[in-house]
Amino acid sequence: YDGINIPIDGTPPTLQFYTDRGPEGSNNWFHGDVTVTISAGDATSGVAGVVYRINGGDWQAYTGAFPVNGDGVYNIDAVVQDNAEHPTSCSFTVTICRTPPQTTLVVDATVGQNDWLTTTPTISLLAGYNASGVAQTMIILDGVEQVYTGPIVVHGEGEHTVSYYSVDYAGN
């Protein structure tokens, strides 16, 4: 008998992204560098190749897991093509914020002898931006914690204790 092989592949390949761990922070933010793996498969004709790019950069051949380093938002695009020339594309976002927001205390008052304030002080907090953004700033005045929403006037003679911190959207 004479015969020929008739290959048929009407199904596009599969494509998935994986990271070396789950996000540690809130809102899917990682608190450190991440290793990304791309998994591509095609049960019929096989995978011909995979390419990827980060933040719209140059396309590069995927040869194995790669690091994503530093604070920021990283948009990763990938395309796999099978041996029947069917493409599949997929996008994935990695968000890294390992730096907590810095908060600065500003006290507006007149300073007298021995660093005692001689006028009623107004306390302001300035929260610095980081990769994920500042979600909330807290102030603790004389042991009472509250969300900071604007300048606070401190009343009453004597010593007062002020503590403060900010939390970003990544949970730092």
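Structure: see above.
Residues numbered from 1 in each chain as written. Predicted model: local features only at pLDDT ≥ 70, side-chain atom pairs only at ≥ 80, totals over all residues. Heavy atoms only, no water.

**Student:** Whenever I open this one, a nonpolar patch on the surface confuses me. Can you help?
**Tutor:** A cluster of nonpolar side chains, I4, I6 and I8, forms an exposed patch at the surface whose accessible area comes to about 390 Å². Relative to the helices and strands, I6 resides in the segment before β1 (14-19). (Patch = residues over 30% accessible without salt bridge, like charges linked within 9 Å, V, L, I, M, F, W, Y side chains within 5 Å. Areas by Shrake-Rupley, 256 points an atom, 1.4 Å probe, with all protein chains shown as cover. Salt bridge = Lys/Arg side-chain N within 4 Å of Asp/Glu carboxyl O. Helix = DSSP H or I, 4+ residues; strand = E, 2+ residues; numbered from the N terminus.)

**Student:** Looking at this structure, how should I read the layout of surface pockets?
**Tutor:** Rolling a probe over the atoms, with the probe sized like a water molecule, indicates the empty space that remains. One number sums up the size of the largest pocket: a volume of about 510 Å³. Along the walls of the largest pocket sit 18 residues, with L117, P121, G156, G158 and H160 positioned nearest its centre. The class makeup of the residues in the lining of the largest pocket is 8 nonpolar, 7 polar and 3 charged. (1 Å grid on protein atoms, 1.4 Å probe; cavity = no way out; pocket = protein on both sides within 12 Å on 5 of 7 lines; lining within 4 Å. Points joined across faces, edges and corners; volume = space filled by probe spheres on them. Nonpolar A, V, L, I, M, F, W, Y, C, P; charged D, E, K, R; others polar.)

**Student:** Can you help me understand the nonpolar core in this one?
**Tutor:** Note that soluble globular proteins tend to have their nonpolar side chains buried in a common cluster. V36, I38, F66, V68, I76, V94 and I96 are the most contacted members of the largest nonpolar core, which has 17 residues in total. Among the elements that take part in this core, strand β7 (residues 72-82) stands out by supplying 4 residues, more than any other. In contact with V36, other than residues within four places in its own chain, are F17, Y18, T19, A65, F66, V68, I76 and V94. Core analysis: the second largest hydrophobic core is formed by 7 residues, I123, I139, Y148 and I152 among them. (Core = buried A, V, L, I, M, F, W, Y, C linked by side-chain atoms within 4.5 Å. Buried < 20%, exposed > 50% of the residue type's maximum accessible area, 1.4 Å probe, protein only. Contact = heavy atoms within 4.5 Å.)

**Student:** Would you take a moment to explain the environment of A131 for this structure?
**Tutor:** Counting through the fold element by element, A131 comes out in the loop between β10 (122-127) and β11 (134-141). When its relative accessible area of 22% is taken as the criterion, A131 is described as partly exposed. Residues A131 and V73, spaced 58 residues apart in sequence, show a C-alpha to C-alpha distance of 7.9 Å. Setting aside chain neighbours within four positions, we find A131 in contact with W29, D71, G72, I96 and C97.

**Student:** Any chance you could explain the pattern of salt bridges here in plain terms?
**Tutor:** Should the charged atoms of two oppositely charged side chains come close, the side chains can pair. A complete count under the given rule lists 5 salt bridges for this structure. Note that D71 is salt-bridged to R98, the shortest N-O span being 3.3 Å. You can see D71 sitting in the loop between β6 (66-68) and β7 and its partner R98 sitting in the loop between β8 (87-96) and β9 (103-108), a full 27 residues away along the chain. Judged by relative accessible area, which is 32%, D71 ranks as partly exposed. Within this structure, D20, R21 and E24 form a network of salt bridges that share partners.

**Student:** Any chance you could explain the environment of S163 here in plain terms?
**Tutor:** Residue position: S163 is located in strand β14 (residues 162-168). The class of S163 is partly exposed, set by a relative accessible area of 33%. Distance in space between the C-alpha atoms of S163 and E145 is 8.7 Å, their sequence separation being 18 residues. In this structure, S163 is in contact with M138, I139 and I140, ignoring residues within four places of it in sequence.

**Student:** For this particular structure, what's the right way to read the sheet that holds β10?
**Tutor:** Pairing between the strands of a sheet comes from backbone hydrogen bonds, and it takes one of two forms, parallel or antiparallel. Strand order in the open sheet made by the 3 strands is β9-β10-β13, with antiparallel pairing throughout. Of all the strands in the sheet, just β9 and β13 (152-153) have a single pairing partner and so form its edges. With 6 bridges connecting them, β9 and β10 associate as antiparallel partners. Looking at β10, one finds that D108 is bridged to T122. (Pairing = 2+ DSSP bridges.)

**Student:** What am I meant to see in unusual backbone geometry here?
**Tutor:** A negative phi angle characterises most non-glycine residues, just as the trans form characterises most peptide bonds. Positioned with a positive phi, E85 is a non-glycine residue whose angle comes to about 70 degrees. With respect to the helices and strands, the residue E85 is situated in the loop between β7 and β8. Classification of E85 by relative accessible area gives exposed; the value is 62%. Although it is not a glycine, D142 adopts a positive phi angle of roughly 55 degrees.

**Student:** Is there a simple way to think about the packing of aromatic side chains in this case?
**Tutor:** Geometry of an aromatic ring pair is reported as the spacing of the ring centres plus the angle between the planes. Scanning the model with the defined rule gives 4 aromatic pairs in all. Between the aromatic rings of Y62 and F66, the centroid separation amounts to 6.3 Å while the plane-to-plane angle is 80 degrees, which identifies the pairing as edge-to-face. Grouping residues by exposure puts Y62 and F66 together as buried. Cluster of aromatic residues (ring-pair linked, three or more members): Y52, Y62 and F66. (Phe/Tyr/Trp six-rings, centres within 6.5 Å; stacked < 30°, edge-to-face > 60°.)

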